[in-house]
Amino acid sequence: MLTLRKASDRGIARHGWLTSFHTFSFANYRNINEQGFSDLLVINDDRVAAAKGFGQHPHRDMEIFSYVLEGALEHKDTLGTGSVIRPGDVQLMSAGSGVAHSEFNHSADELVHFLQIWIVPNVSGATPRYQQEHFSAEQKRGRLQLIISPDGANGSLQVRQDARVYAGLFNGQESATLTLAPDRYAYVHVARGSVELNGVPLQEGDGVRVRQEQALTLSNGQDAEVLVFDLRPQELPQMP
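Please read these numbers as outputs of a predicted model, since none were measured by experiment. (Residues numbered from 1 in each chain as written. Predicted model: local features only at pLDDT ≥ 70, side-chain atom pairs only at ≥ 80, totals over all residues. Heavy atoms only, no water.)

A word on the overall build of the chain. Across its full length, the chain holds 1 helix and 20 strands. Taken over C-alpha atoms, the radius of gyration comes to 17 Å for the chain, in line with the 18 Å a tight globule of 240 residues would show. Burial analysis of the chain (240 residues in total) assigns 55% to the buried set. In the chain, of all internal contacts separated by at least 6 residues, the share reaching a separation of at least 24 is 72%. Of the accessible surface of the chain, which amounts to about 10200 Å², a share of 46% is contributed by carbon and sulfur atoms. Charged side chains in the chain number 21 positive and 28 negative. The centres of these two groups are separated by 4 Å. (Helix = DSSP H or I, 4+ residues; strand = E, 2+ residues; numbered from the N terminus. Rg over C-alpha atoms; globule rule 2.2 N^0.38 Å. Buried < 20%, exposed > 50% of the residue type's maximum accessible area, 1.4 Å probe, protein only. Contact = heavy atoms within 4.5 Å. Areas by Shrake-Rupley, 256 points an atom, 1.4 Å probe, with all protein chains shown as cover. Lys, Arg positive; Asp, Glu negative; His and termini not counted. Charge placed at Lys NZ, Arg CZ, Asp CG, Glu CD.)

Here it is, written out as structure tokens:
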């Protein structure tokens, strides 16, 4: 069963320097029907003006990853990590027992467009950690590249949860199929472009909850970039 969440139905926050679309309830956007899905809690689609960003702020017991689509995102945290994240890079910060970080547009004259995604961990109070890897366009072209997994398989980043995240680029006749284990859930997010999921047309910003499906086929893309989450079969408790 596929349940479509249209891009136009998302929450939105406009702060001048920041435009953020919220797939699920976040900050001042609250929707009782959109409280996350399985262990996937947040998908924020952020566009940050040049030289602007989020000052240092704390997190605890959350797996937070950033996926840059355009521009460059500068990250600093209390673990001593400092990095600049560009398209193709995936950054995963496991907040664990507590960490604070800041995120700023690294450019003085260009916008940065990125996704920030939160996954609820399966352990509390763990030691905070930081990971970053680059996945080239060639690795994602016409296929679903594993970028996050519980065991760090195939060079993916290691998340503290029974969740896997795949990224793919699709154009024209390119297609890929992900086979799901019995009773697994999945979530599909179109980061940009358009694509079909099991024959259902999707546009940039659309998301799909997936239940009781054995396979997911992405095809007929038009400059599409897609994230696919393979998740536990459970409903997430509401955010406080």
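Taken together, the 4 strands give an open sheet; going across it, the order is β5-β10-β7-β8, and neighbouring strands pair in antiparallel fashion. The outermost strands of the open sheet, each flanked by one partner alone, are β5 (53-59) and β8 (82-85). For this sheet the average axis-to-axis angle between neighbouring strands, irrespective of direction, equals 20°. In the sheet, β5 pairs with strand β10 (residues 99-105) via 5 bridges, with the strands oriented antiparallel. By the bridge assignment for β10, H57 is matched with H101. (Pairing = 2+ DSSP bridges. Axes fitted to C-alpha atoms, helices over the stretch in contact; angles between N-to-C directions.)

Our next topic: the pattern of salt bridges. Close approach of charged atoms allows side chains of opposite charge to pair. Here the structure, examined in full by the defined rule, presents 15 salt bridges. In this structure, D61 and R60 form a salt bridge, with 3.7 Å as the shortest nitrogen-oxygen distance. What makes R60 exposed here is its relative accessible area of 54%. Residues R192 and E225 are paired through a salt bridge, measuring 2.8 Å at the closest nitrogen-oxygen approach. Placement of R192 in strand β17 (residues 185-197) and of E225 in strand β20 (residues 215-231) is noted, with a sequence separation of 33 residues between them. Residue classification places R192 among the partly exposed positions, given a relative accessible area of 28%. When salt bridges that share partners are traced, they join R10, D45, R47 and E204 into one network. (Salt bridge = Lys/Arg side-chain N within 4 Å of Asp/Glu carboxyl O.)

Our focus in this paragraph is the pairing of strand β15 (residues 164-170). Counting buried residues in β15 gives 6 out of 7 residues, a clear majority hidden from the surface. By the bridge criterion, 3 bridges tie strand β13 (residues 145-149) to β15 in an arrangement that is antiparallel. By the bridge assignment, Q145 is partnered in β15 with A167. Note that β15 and β20 share 7 bridges and pair antiparallel. In the sheet register, Y166 faces β20, and the bridge partner there is V228.

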